[in-house]
Every structure is written in C-alpha cells, then in structure tokens.
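Observations on the three-dimensional arrangement
Okay, here's what each chain looks like letter by letter:
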Amino acid sequence: MKFMGWKRPDGRVGTRNIVAVIPSVFCAGKTAQRIADQVKGAICLRHPVGCTQVGFDFEMTARTLIAMGTHPNLAAVLVVGLGCERFKPQELYEGIKKSGKPVEMIVLHEEGGTGATIEKGVRILKEFTHKYTGAPREECDASELIVALKCGGTDATSGLAANPVLGVMSDKLTGIGGSAILSELNELLSTEDLLAARAVDKTVAKKIYDAIYEIEDVLRSGCDYRFPGRNELISPGNFMGGVSSIVEKALGGVHKSGNSPIVDVLDYAIPPEKGKRGMFIMKYESQDGEVVTGMVGCGAQVVAFTTGRGNPMGFPFVPVIKVTGNDFSFQKMKDDMDYNTGPIIAGEKTIKEMGEEFFDMVLRVASGEPTKAELVGGDELFVIGRRQGRQVGAENGATGVSADKKT
C-alpha cells in the first residue's frame, strides 16, 4: 500500500513539506514568530522554555526541540537563538544538521538585535521556501508511516466506537509493516495486564508494567489533599459524557491500539530503534499537547485523535484527524471533526468496516488531504513536556513497583 510523501536524507518519510523557525529559548520566541509571519507557509514553533532548567526537565526540552527540527514533515529549519541561554542554539543547530536536513542558525546577540535578526531571518526563510517547498510528492510505502493514537474530550461513544475504529486501523497499519504509538499512561491504569500480554517478549512486558507503575508514582506524588476537587484523573466533560471512572476510561481507551503485538516502550520524544516497527507505547502521562508533541518527537507523521465531546486543536506541522463516535458532536462541530463513527452506535456499520474506511482516510491525509484542524489553522498541540523536580523511569535506572512479580 502506498501514499504520496517526501523522502528525507535520513531515510524517513514526510507527509507534509513545511519550513519552520525554531527558537532555542523563549526569549527569542517573538523574534522567531515575526520572521515566520513574513514568509507565506512558514511556521514558528514558539515555546516557553530553553533556560532556567536543570536535570531531566532540561534534557526533555533539548531532545524535544531537536526531535521537532529533525522531523520528516519539515523541509528545512531556521534556528533562532538569543545567545546566553542554557540550551545553546548551536546544540539545536547541530542536532538538526545530523539528520541531513537543510538548517541555518541566527543569534540575536551576534546579529545586532531584533531588527537585524528579523531581516536576515526573513531572507534565509524565503530562500528555504523557494528551494524546498515546491518539491513534488513521490510514491512512498505505507509501512513508513507512524500514526500517533490520542484521545481528548472522551465520552461513552469513544470507547464503544471511535477508539475501536482506531484499533482496526492500527492493526491494519502494523500488519503491513507500519507503526502506531499509544501513550497517556495515566489513562491506561488497570490495563497493564492486557497490554503486557501482547508484548513480543518478557523484556517488553516488564517495560510496560514499569512504565504504568511509574506513572502511578508520578500521579501519587502530585496529589495534594489540601485542595479537594483538584485531584481527579478525568475531566468534568468525561463525567458529563458518561464515563464514570478512570478504569472505565482506560478500558475504552486501550482499544485505540487494537490487538497487534507491542514491540517496545519508547521514552518521550525519542524515535524507535532504526528498523523496529509495529505497535509502541510511549511513556508519559496525559496532557493533550505534551503527549502529542512527545509522539511527534518519536516520529509520528499523522495523529489520529478521538473525541466524543469535540475538540478543535491541531499540530503546527503534523495533520491531526479528529474522530468521534458521537453523531451530535459531529453535526455540531462540523468545522472541526473529520470522521464520524456514529453509524456503529446506530447499528448501520460495523467496527471493522469503519476501521478499514478510516485506514484509507489516513493514507489520503498522509498524501495531502487537509484535515479540519489544518484548515482552521489549529496549532495548540505543540506543548513541550515538563518533568520538574523529579526524574523517573528506566532512563534513571528506576524499576516498576511490582513489575518483577508480574513478569
């Protein structure tokens, strides 16, 4: 199966061909934004970090920004730095350059301030646009695709229809050698046995238990009972939509991953080992933007986003396909919703039928069909993950609370 995309120097394949400006620090954000605003089609990945950070929190920022810059959906990148930040613009520049992607760097302190930096940046960006954004798509194998699986604004129809449809799509994609990523581990509590049973081996099963138990530790450490009503794991919209508990939400959400074997557990914004494909889990708790950004950092070129209540958000350079099982939400938010699995609830179509239809839609979007989020200019889902004051996970040698017993 094929789609039309762009082949990059590092061997990966893009579904979009966008020129981006990435500030290395929030201090350079406005200057970077003003550069991008003057060049049609360019985007700016403006963010609030890059300085006054330490430890694992700092590392997450650095690797996430590099992962954004090397992403196959970007044709070329301009790095804009201030010159005195903790995350040096040179490190960002060098990290992107290793991928073979066209990249340039300008620094406010070296260029002589805001005006001169903007003038030079616009000149570079226009040259990038002229050279690279007109390149034609070429036929690519669907096995090169990585689809991020996400939900937000869940209601009862999400677990009954929308999420299972993503599961059928995921099984079909991984079945032809492609990949998908499941995350939001705080919304997978109680499903660890189900997920570990699908692991390709005991090592991956242990990683799954460890990852979910680590998220439990993160959630437990964040609860503060001085503030009643601030510790719920699901939103008021979830309750209003008929989801009664985090366990009920988890047992519906896990269906996004289908039934295919789980081949590995990924760290935030770190792509899979070269040559490894299939169903992955990414370690992170749920905040819509932070989770999607992490999965994009892992290499996802398309995001499949289920939302029973309705959601308008998009990502700056990755198409986000909005899927609902709620016919009322689909009709009410037609400007924001892409695919309606409501016919499953009505008994008019099967999950398998709609899953196969959705797989075809994923290929069309990968080939350039715009999503509603792209048409309305949604970019809210670019949010760099934070982990302040605490480093958890296999990256610092921690083990799951009782993973050894489970495996």
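Quick summary incoming for the structure in this document. Here the structure is a predicted model, which is why all the values come from computation and not from measurement. (Residues numbered from 1 in each chain as written. Predicted model: local features only at pLDDT ≥ 70, side-chain atom pairs only at ≥ 80, totals over all residues. Heavy atoms only, no water.)

What follows deals with the overall build of the chain. Each helix and strand in the chain was counted, giving 16 helices and 14 strands. Here the C-alpha atoms of the chain give a radius of gyration of 21 Å, agreeing with the 22 Å that 2.2 N^0.38 yields for 407 residues. In the chain, buried positions account for 58% of the 407 residues. Within the chain, contacts between residues separated by at least 24 positions form 74% of all contacts whose residues are at least 6 apart in sequence. As displayed, the chain offers around 16,700 Å² of accessible surface, 52% of which is attributable to carbon and sulfur atoms. Separation between the mean location of the 48 positive side-chain charges and that of the 51 negative ones in the chain comes to 3 Å. (Helix = DSSP H or I, 4+ residues; strand = E, 2+ residues; numbered from the N terminus. Rg over C-alpha atoms; globule rule 2.2 N^0.38 Å. Buried < 20%, exposed > 50% of the residue type's maximum accessible area, 1.4 Å probe, protein only. Contact = heavy atoms within 4.5 Å. Areas by Shrake-Rupley, 256 points an atom, 1.4 Å probe, with all protein chains shown as cover. Lys, Arg positive; Asp, Glu negative; His and termini not counted. Charge placed at Lys NZ, Arg CZ, Asp CG, Glu CD.)

It is worth spelling out the packing of helix H2 (residues 55-70) against helix H11 (residues 288-297) at this point. At their nearest, the axes of H2 and H11 sit 9 Å apart, and the two run at 60 degrees to each other. Here H2 is positioned oblique relative to H11, judged by the angle of their axes. You can see that H2 and H11 cross each other, and the crossing is left-handed. Judged by residue contacts, Thr64, Ala67 and Met68 of H2 engage Thr293, Val296 and Gly297 from H11. (Axes fitted to C-alpha atoms, helices over the stretch in contact; angles between N-to-C directions. Parallel < 35°, antiparallel > 145°, perpendicular 65-115°, else oblique. Left-handed = near helix turned anticlockwise from the far one by under 90°.)

Right, let's get into the pairing of strand E3 (residues 18-23). Burial analysis of E3 places six of its six residues in the buried class, the great majority of the element. Of the two faces of E3, both are covered, the one formed by Ile18, Ala20 and Ile22 as well as the one formed by Val19, Val21 and Pro23. One ladder, built from six bridges, connects E3 with strand E5 (residues 74-81); its direction is parallel. The residue bridging Ile18 from the neighbouring strand is Leu74, located in E5. Of the pairings in the sheet, the one linking E3 to strand E4 (residues 43-44) comprises two bridges and is parallel in character. Within E4, the residue paired with Ala20 across the bridge is Ile43. In the classification by handedness, the crossover that spans E3, the intervening helix H1 (residues 29-37) and the parallel E4 is right-handed. (Pairing = 2+ DSSP bridges. Right-handed = clockwise from strand over helix to strand, strands pointing away.)

Any functional reading would require information that these geometric values do not contain.
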